Amino acid sequence: MKNLTFALLIISGLVFTSCNSDDDTPPEEMTTCTDGIQNGDETGVDCGGSACQPCQTAIDNPATFVFIRNGESTVSFSGQTTRILMGEELIAKLKDETTTEVILDAMFAHEEGNNDFSDMDLNASDKSIRSKTAASNDFFSANTADQALIRADFEAWIKAQVDDVFPSWNTAASAGVAGQIADGSSTRYINAQGLEYNQLINKGLIGALMVDQALNNYLGTGVLDAGDNVADNDAGTPVEGKPYTNMEHKWDEAYGYTYGLNADEANPNADLGNDSFLNKYIGRVQGDDDFNTIADDIFQAFKLGRAAIVAGDYTVRDEQAEILRGLISDVVGIRAVYYLQQGKNAINQATPDFGGAFHDLSEGYGFIYSLQFTRKPNTNEPYFTKAEVDGFLTDLLDDGANGLWDVTPETLDAISEAIAARFDFTVTQAGS
């Protein structure tokens, strides 16, 4: 994967962008403004015409994700942390065979004040996982039909875990029979087709919740520039009772879906993998030598975009949003291919390791599902449509009557190649 080259010159933490001067303006019409540079710099700037506009913007790009106004941090993403924590408890509960569908559904669609979680703060919250699943402004505000289908998928997987897998918890799984299957030192619990529902729900939420909200909601101009956000941000007018402007907060909410559980929010790459969702898999991709700059590239784009908002430079902000769309989508695509290839390797052994294979392929199923929430930079399109994703998932299970028990290496390679072809990486790079 090629290293990311930013389009901006960064020197000592400052990024400068210049406007074009009007070379046709006669000298006598030039005016000098003493406040033509943003951020309080009163250096005189000559601008053409009677209306003086900023001819240069200085962006103070800090070393870490620290932004202060009047001595108080303006960074806040508590709602994202809450939903990640709810997701963690839901994923853990999916492996408790004494749990009922009612309990799991309530965790997915939490209502304020209900005792759905072990954490009392989560119970008191008005947030839920379901309300933000397939809920982005850019992809789903006008696509409620697909939104309903996607939410129904998660509810159906929860129901199937309770109805099909829990009753067979102590049964030895075999082709066409749900139950448990050994995977080295672990025991996996699968349906009759070899799917681990807890894994595909986990990885499916990475796309349907974290990626969709970050890339297609909070980093979109429809959210960042909504209402009076631009005017308020230009004036430095914070949300009433808060230290941040609305635009700053929206950007931070995308940041929160990526780094919401890291110990140090200002320097989150110091402990990547601190949740079971997007953050964990940025770390996993970072650990591959073919992609070993991706974690820093993502962090730098988040940081520079936020600094650009403080400076009122929305061109730079939007450039960083497009960079993030490409990089975070890469994470989803890379891991989809990785798990398909790891599953193939486990099946291809002289004595197939079905437990390891089904675990990897269930993760791959979830990452393939998440491809429909990715975003091609500078477009309003995902890397793969819902129909294409549904086609891959059908292909994964239709080599025989017993789903993953019958899947062939050729099918896994074909899906892997089709995914990699849309991205800037190869199957060899992603699958190792």
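Conventions and cut-offs
Residues numbered from 1 in each chain as written. Predicted model: local features only at pLDDT ≥ 70, side-chain atom pairs only at ≥ 80, totals over all residues. Heavy atoms only, no water. Helix = DSSP H or I, 4+ residues; strand = E, 2+ residues; numbered from the N terminus. Contact = heavy atoms within 4.5 Å. Areas by Shrake-Rupley, 256 points an atom, 1.4 Å probe, with all protein chains shown as cover. Phe/Tyr/Trp six-rings, centres within 6.5 Å; stacked < 30°, edge-to-face > 60°. Buried < 20%, exposed > 50% of the residue type's maximum accessible area, 1.4 Å probe, protein only. Axes fitted to C-alpha atoms, helices over the stretch in contact; angles between N-to-C directions. Parallel < 35°, antiparallel > 145°, perpendicular 65-115°, else oblique. Left-handed = near helix turned anticlockwise from the far one by under 90°. Nonpolar A, V, L, I, M, F, W, Y, C, P; charged D, E, K, R; others polar. Core = buried A, V, L, I, M, F, W, Y, C linked by side-chain atoms within 4.5 Å. Patch = residues over 30% accessible without salt bridge, like charges linked within 9 Å, V, L, I, M, F, W, Y side chains within 5 Å. Salt bridge = Lys/Arg side-chain N within 4 Å of Asp/Glu carboxyl O. Lys, Arg positive; Asp, Glu negative; His and termini not counted. Charge placed at Lys NZ, Arg CZ, Asp CG, Glu CD. pLDDT = per-residue confidence, 0-100. Polar contact = N/O pair within 3.5 Å; in protein donor to acceptor, adjacent residues only side chain to side chain. Expected span 1.5 Å × (residues − 1). Arc of directions from axis to C-beta. Pairing = 2+ DSSP bridges.

On to the overall build of the protein chain, then. For the protein chain, the helix and strand inventory stands at 16 helices and 9 strands. Sequence-distant contacts in the protein chain: of pairs separated by 6 or more residues, those separated by 24 or more amount to 66%. Accessible surface for the protein chain amounts to roughly 17,800 Å². Of this, 46% is attributable to carbon and sulfur atoms.

Enumeration over the complete set of coordinates arrives at 29 aromatic pairs. Their ring planes at 25° and their centres at 6.4 Å tell us that Y218 and Y257 sit as a pair that is stacked. Here the residue Y218 occupies a position in helix α6 (residues 197-218), and Y257 occupies one in helix α9 (residues 246-259), the gap between them amounting to 39 residues. Given a relative accessible area of 6%, Y218 falls into the buried group. Given a relative accessible area of 0%, Y257 falls into the buried group. Ring plane angle 15° and centroid distance 5.9 Å describe the contact between Y339 and F367, whose orientation is recorded as stacked. In this pair, Y339 sits in helix α12 (residues 314-347) while F367 sits in helix α13 (residues 354-370), placing the two residues 28 residues apart along the sequence.

Let us look at the packing of α9 against helix α11 (residues 294-311). Direction vectors running N to C along α9 and α11 enclose 165°, while the axes themselves pass 9 Å from each other. Considered as vectors, α9 and α11 are oriented roughly antiparallel to each other. As for how α9 packs across α11, the hand of that crossing is left-handed. Facing α9, whose interface residues are M247, E248, W251, D252, A254, Y255, T258 and Y259, α11 presents A295, I298, F299, A301, F302, G305, R306, I309 and V310. Of the residues that constitute the contact of α9 with α11, the class distribution is 12 nonpolar, 2 polar and 3 charged.

Moving on: the nonpolar core. Counting residues in hydrophobic clusters, the biggest one holds 115 residues, and the most contacted among them are F154, I201, W251, I298, F302, I368 and I419. A per-element tally of this core places α12 first, with 17 residues.

A cluster of acidic residues, D395, D398, D399 and E410, forms a negative patch at the surface. Counting through the fold element by element, D399 comes out in the loop between α14 (386-397) and α15 (409-420). Classification of D399 by relative accessible area gives partly exposed; the value is 33%.

Moving on to the environment of T82. Within the secondary structure layout, T82 lies in helix α1 (residues 78-93). By relative accessible area, T82 is classed as buried at 16%. For the pair T82 and D121, spaced 39 residues apart in sequence, the C-alpha to C-alpha distance is 8.5 Å. Excluding residues that lie within four positions of it along the chain, T82 makes contacts with L122, S125 and K127.

To continue, consider unusual backbone geometry. Residue N70 is not a glycine yet carries a positive backbone phi of 55°. The residue A134 is not glycine, and still its phi comes out positive at about 50°. Within the fold, A134 resides in the loop between α3 (120-124) and α4 (137-140).

Right, let's get into the confidence of the model for the protein chain. Across the protein chain, pLDDT averages 90, with 87% of residues at or above 70. Counting contacts from residues 1-12, a segment whose pLDDT is below 50, to residues more than four positions away or on other chains yields 28 contacts. Contacts from residues 18-52, a stretch scored under 50 in pLDDT, to residues over four places away or in other chains number 49 contacts.

Glancing now at the side chain of R325. Assignment of secondary structure puts R325 in helix α12. There is a polar contact of 2.8 Å between the side chain of R325 and the side chain of E322. If sequence neighbours within four positions are ignored, R325 has contacts with D138, L215, L219, G220, R375 and P377.

What follows concerns α15. The end-to-end C-alpha separation of α15 is 16 Å, in line with the 16 Å expected for 12 residues at 1.5 Å each. Restricting attention to buried positions, one finds in α15 the residues T411, L412, I415, S416, I419 and A420. Each buried residue of α15 lies within a common arc of 160° when the element is viewed along its axis, so the set occupies one face. Elements that come into contact with the buried residues of α15 comprise α12, α13, α14 and α16 (427-431).

Let's shift gears to the pairing of strand β8 (residues 179-183). Pairing of β8 with strand β9 (residues 186-190), which is carried by 5 bridges, proceeds in the antiparallel orientation. Its bridge partner being in β9, I181 is matched across the sheet by R188. Between the end of β8 and the start of β9, which pair antiparallel, lie 2 residues, with G184 showing a positive phi angle near 65°.

Between helix α10 (residues 278-286) and α12, the shortest axis-to-axis distance is 10 Å and the interhelical angle comes to 70°. One finds that α10 runs roughly perpendicular with respect to α12. In contact with L278, Y281, I282, R284 and V285 of α10, α12 contributes I328, V331, I334, R335 and Y339. Partitioning the contact of α10 with α12 into residue classes produces 8 nonpolar, no polar and 2 charged.

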